[in-house]
Each structure stands twice: as C-alpha cells, then as structure tokens.
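Tertiary structure, described
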Amino acid sequence: MHRINLVKILSLLLLTVTISVNAQHDASTKAHEETTPQEKDLKTEIKEYIAHHLLDSYDFTLFSWTTDAGEHKYFSAPLPVIIYDGGLKIFSSSKFHHGETVAEVDGNYYKLYHNKIYKTDAEGTISYDEEHHPTNAKPLDFSITKNVVFIIIVAVLMFFMFTRMAKSYKGNLMPKGMGRMLEPIILYIRDDIAIPNIGEKKYKKYMGYLLTVFFFVWIINLLGLTPLGVNVTNNIAVTLALALITYFLTTFTANKNYWKHIFWMPDVPVLMKIILAPIELLGTFIKPFALMIRLYANITAGHIVLMSIIGLMFVFKSWIGSPLSFGLAFALALLELLVAALQAYIFTMLSALYFGMAVEEHDDH
Amino acid sequence: MTGLNFVGAGLIVIGAGLGIGRIGGSAMDAIARQPEASGKIQTAMLIAAALIEGIGFAALFAA
Amino acid sequence: MEKLIEQFSLGLFFWQLILFIALVLLLQKFAWKPILNSVNEREKGIKNALDEAENARKEMQNLNADNERILKEARAQRDTLLKEAREMKEGIISEAKNEAQVQAAKIVEQAQATIEAEKQAAITDLKNQVAELSVGIAEKVVRGELADKNKQTKLVEELLKEVTIS
C-alpha cells in the first residue's frame, strides 16, 4: 500500500512538474527575447538550457561555460554543414562560432539563429515579421548535425552487433557473447509481437523492419539518457521518418480486404458506408501520426522533466535542494530507462498491429 | 487568454490519466481472474494505454 | 503544434529516412535473415529431437508390451509342455507296464511251452531209451535164449502166434 501511495505521489508530482515546465517554458522564451543576455536570471537560464538541449545542433558540444570575462567557451567538435542554396555547399560548422558570427561561403552569408541556418547579409542582420519570426531565406539544409552523427553511430553499432551475432551462429546452436542476451529479445519480438499481430503466414516479411525499429529506437533512447547530451527521438523529423516507413509499409503491403474495409465497409447500411469511408481513410493517417507524436512526446517530456529536476538544484539554493533533486532525478532516470524500452516496444507493437490489419484475411465480418 | 489553453490541456491530461488508470486497474482485475492470460492482457493494456496517451500528448502539444 | 512544425528539420528527416532504410536493408540481409534462420533451424532440431524421443518412448512401450506378451506366451507354452510331458510320462509308464505284463505273460507262456516241449522230448527220449534198452536187453536175452536154432524157431512161432492173437 505504501509503495502504491509513493508511486501515486511521485507521478502526481511529475505530472505537475511537466505541465508547469511546459507552461513556463513557452512564456519564458517569449519573455527572453525582449531582454538582453546579461539580464537573464537563473531560472530563465535553466529553461533556456533545457530548450537548447532538446534541439539539434550543428556541432557536438559536450559542455560549455562562460569565463569571468563574459566570454563563451565550448568544449566541442565541429561537424560538417551541407546546404543547398543554388549549388551544394559544404563547410565546417566551426565557421558559425556557435551562432556568434556570420559564416561566409562562396560570397554568401549564413547565420545560425535559434538553431536554424538563415541566409543573411555580411553583417548578419535578421529581419522579423510582426510575430517575431525571422523572414530571412532558409537554404535547404542537409547538414550532418549532432543527431545525424548519432544516427550513424547507432546504425554502425547495430550493424556490427547483429552481424557479429549472426556469425556466431555458424556451426553453433547458440550464439556467443552478446547474442545470448539479444536472442531472447529477438525471439520475443517474433513470438509475442510479430506472430500474434500479423499472423503465422505473413509475419516474415515484416520481421526485418520490426526488429530494426525496435533496436534502433531502444538503443537511441538509451543513448539519450547518457550524459552525451544526445536526443534523437525527440526530434519530430526522426519520428516522422519512422512513422512514415510504417505508413508506407502498411499501405503498400495491404491486401484487397484492407482497402475494402476502408472505402466500402461491408455489412453496414449504404449511408453509413459513405460516412465511414472518409473517417476510415483519415484513420489510416492518424495511426502513424499518433505513432510519431507518441514517441516524440514521451521522450521529450522525459528529458524536460529530468533536466528540470536537475535544474532544481540551482534554483533551491538551500541544503535541501541537492539531495531532493538527486533523489528525484535518480528515480526518474530509472523510470526513463523503462520508458526507453517501453516506447520502443509500443512503436514496434503498434507497427505490427497496423501491418496485421493490412494483411488480415477474413471472409465474413 | 493563453492561460486557458493550459487549463484545457490539464483537463485532458487528467482525463487521459484517469483513462489509463482505469485500463491498468481493469487489466489487474483481469489478470487476477485469469493469471494464465496475463501476457495477452498486458499487451492489450499497453496498446489501449498507448492510444489514450497519444490523445493526451496531442492535446498537450496543441495547447 | 506550431512549435512542432517550426522545429521540424528537413535535413534530419532526410538523413534519418536514408540511414534507417539502409540499416533495415543491410541488417535484413546480413543479420536478421541468418539469425532467424539459425533460430528456426535450431527450433526445428529441438522439435525433431523431442518427436524422436517421444517416438522412442512409444516404441519402448510397444517393446515392453511385446516382451510381456512373449513372456506370457512362453509361460503358457512351458505349462503346456510340462503337462504334455507329464502325460507322456504317465502314458509311457503305463504302456511300459502293460507291455511288461504282456511280455511277462508271453515269456511265461513260452517258458511253459518250452517246458512242455522239453518234457515231451524228454519223455520221448526216455521212451526211446527205454525201448532201446529193452531191445538191447531183449536182444541179449534173446541172443542167450536163441543160441540154438530150435529155440529161435520156437520163439518165432510163438511170436507169430501172439501176433495173430493180438
């Protein structure tokens, strides 16, 4: 009973913190734009730091600090910037100096503003519309950002991990080394996700995607919990890409039955059929959309709450702050470990469910 | 005016929380009644919870 | 929602899509297929082994039942054999007894016959010998009596008379 109460209290606390952080975050960014950097107070700085952490960046920064002289120092590695602006332009992100200077490439000037590359004049002027959005032209941006680097790292890691595992099967019944740990997970995905949802006959062609998406999301979520400061799955672009693949796989492997159920639902009155068709069609888009939002939101919320709790340490300024912050952050980090796996599981599970719907065979109904 | 957005989002989050709580509770009941079907019940529970959670998050981000 | 759209980065989307699809295809070829195949093979092997064990168990059971049956049959056969043997023994014994009796009777009969024959022979022999002896004695007597011709003739005449009378 005590345990349940504790969990209740903790979750209530987390919920309030999430909502308040979200609420305050929005307000603060608006407020901040009117103040000069020197006037920032501590709370605003923490919020900004969190907001910054959640974003992608053009260099790989482990930590940064401000010297007594007010100079920003960064411990970081620059990454290549690739933009298409009347021709492919590749240059190092060190040219931006973390957004502090204007980069000049082939006679064009670019500036980082709120983590986006804008085309500017030589002075780096950025003009705004009445809603305070920059109106400068944005070049097509295919840069190898921090997140892309980590996607590559995870991809390479997975490739070596699983090809090694595959090799260790040669002449053996059991895999060696890490494969011993990974095999039950693979079997779980096959036996408890793919087969029950898709069916014994057709599950095979989806296994590659399901396994890859599960391990990719899981590993990259776990990497997000390391102090490296990466945060790949809280980019809507990443989750959109994953959800789109699920959507296209569902759509292109769907059988006649699936389309029939969408456009001409059997066994209902004609009027209902006409009403149902657009709803069902919309449903096919909403499903992957929900997949995208779910993964994005869970990971983002986890990161915001975790960092806010760590930020409490600086806000409280009393002896109680640090232990409280540490305890909460520790508990939450454990929860996030669970969430990392759970979100990977749910993404895989729901993808399998949608595939199952697409290839389901039923004669009556 | 902006404050109302968050009140609405909060309401939806409360609703979603209650919904997920009900799902979890019912799943527990079901498992207690049929422990041998716990795997299937857990899967169904997670899917339902995930769907409600999706609505909750959609509301949060719409706010 | 607006914030989400603002945050969306085309570059990241592009790279994620390309890299992820490449990863799926590569892993499918080099990892998932071999792994799942090996696992399937292993499971098939285990299933086969279990089936074989089950078959062996059944066979064993059949064999045991067979053994039991054979044993029972053997026992029954032994019993019948013993019974037959006993019967045969008894038969032989009684037969032997009968034969012995018959034989004994025969022997006795033969012996009696022989004895009878011997007796007859002995009697005959005795008769002959008595006759010979009597003849001899008679001859001697006769020779003595008939030393002269008169007596001989007288005797013959007497004898002849006797023969005619008898």
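Residues numbered from 1 in each chain as written. Chains lettered and ligands numbered in written order. Predicted model: local features only at pLDDT ≥ 70, side-chain atom pairs only at ≥ 80, totals over all residues. Heavy atoms only, no water.

- Going by an unreviewed UniProt entry, chain C carries the name ATP synthase subunit b and comes from Lutibacter aestuarii.
- Recorded in UniProt for chain C, the comment headed Sequence similarities (unreviewed entry) runs: "Belongs to the ATPase B chain family." (UniProt positions renumbered as here; feature names shortened; annotations may be inferred.)

- The name given to chain A in an unreviewed UniProt entry is ATP synthase subunit a, and the organism recorded there is Lutibacter aestuarii.
- UniProt, in the comment section headed Function (unreviewed entry), describes chain A in these words: "Key component of the proton channel; it plays a direct role in the translocation of protons across the membrane."

Some points on the nonpolar core
- A:Phe162, A:Phe215 and C:Ile35 are the most contacted members of the largest nonpolar core, which has 85 residues in total.
- Considering every element that reaches this core, the biggest residue donor is helix 5 (residues 204-225) of chain A, with 14 residues.
- For A:Phe162, the contacting residues outside a window of four places in its chain are A:Leu182, A:Ile186, A:Phe215, C:Leu27, C:Ala31, C:Trp32 and C:Ile35.
- Counting ten residues, the second-largest nonpolar core is a separate cluster that includes A:Val81, A:Phe91, A:Phe96 and A:Leu112. (Core = buried A, V, L, I, M, F, W, Y, C linked by side-chain atoms within 4.5 Å. Buried < 20%, exposed > 50% of the residue type's maximum accessible area, 1.4 Å probe, protein only. Helix = DSSP H or I, 4+ residues; strand = E, 2+ residues; numbered from the N terminus. Contact = heavy atoms within 4.5 Å.)

Re the domain arrangement of chain A
Residues and elements named next belong to chain A.
- Split by domain assignment, chain A resolves into domain 1 (6-16 + 147-359) and domain 2 (59-143).
- Relative placement of domain 1 and domain 2: their C-alpha centres are 32 Å apart.
- Across the contact, four residues belong to domain 1 and four residues belong to domain 2.
- When the two sides are added together, the surface that domain 1 and domain 2 hide from each other amounts to roughly 300 Å², 75% of it contributed by carbon and sulfur.
- For the domain 1 face of the interface with domain 2, the top three residues by lost area are Val149, Phe150 and Leu228, together amounting to 77%.
- There are zero salt bridges connecting domain 1 and domain 2. (Domains from an automatic or database assignment. Buried area = accessible area lost by both parts, 1.4 Å probe. Salt bridge = Lys/Arg side-chain N within 4 Å of Asp/Glu carboxyl O.)

Concerning empty space enclosed by the protein
Residue and element names in this part refer to chain A.
- Tallying each qualifying case throughout the model produces five cavities of 30 Å³ or more.
- Looking at the largest cavity, its volume works out to about 70 Å³.
- Lining the largest cavity, in full, are Thr246, Tyr247, Thr250, Thr251, Tyr258, Thr284, Lys287, Pro288 and Tyr354.
- Of all the secondary structure elements, the ones that give two or more residues to the lining of the largest cavity are helix 6 (236-253) and helix 8 (270-316).
- Tallying contributions element by element places helix 6 first for the lining of the largest cavity, with four residues.
- Grouping the amino acids of the lining of the largest cavity by side-chain chemistry returns four nonpolar, four polar and one charged. (1 Å grid on protein atoms, 1.4 Å probe; cavity = no way out; pocket = protein on both sides within 12 Å on 5 of 7 lines; lining within 4 Å. Points joined across faces, edges and corners; volume = space filled by probe spheres on them. Nonpolar A, V, L, I, M, F, W, Y, C, P; charged D, E, K, R; others polar.)

Here we look at the UniProt feature "transmembrane region" (unreviewed entry) in chain A
- Look at the UniProt record and you will see "transmembrane region" (unreviewed entry) annotated at residues 148-166, 209-230, 236-258, 270-289, 295-316 and 328-355 of chain A.
- As annotated, residues 148-166 of chain A comprises 100% helix and 0% strand, and the C-alpha atoms at either end are separated by 26 Å.

Regarding the pattern of salt bridges
- Throughout the structure, instances matching the rule amount to eight salt bridges over all chains.
- The shortest N-O distance in the salt bridge between C:Glu54 and C:Arg57 comes to 3.3 Å. Of this pair, C:Glu54 and C:Arg57 both sit in helix 2 (residues 10-145), separated by three residues, roughly a single helical turn.
- With a relative accessible area of 34%, C:Glu54 lands in the partly exposed category.
- The shortest N-O distance in the salt bridge between C:Arg69 and C:Glu73 comes to 3.1 Å. Of the two residues, C:Arg69 and C:Glu73 are both situated in helix 2; the distance of four residues between them amounts to about one turn of the helix.
- C:Glu73 sits in the partly exposed class, given a relative accessible area of 45%.
- When salt bridges that share partners are traced, they join A:Arg190, A:Asp191 and C:Glu43 into one network.

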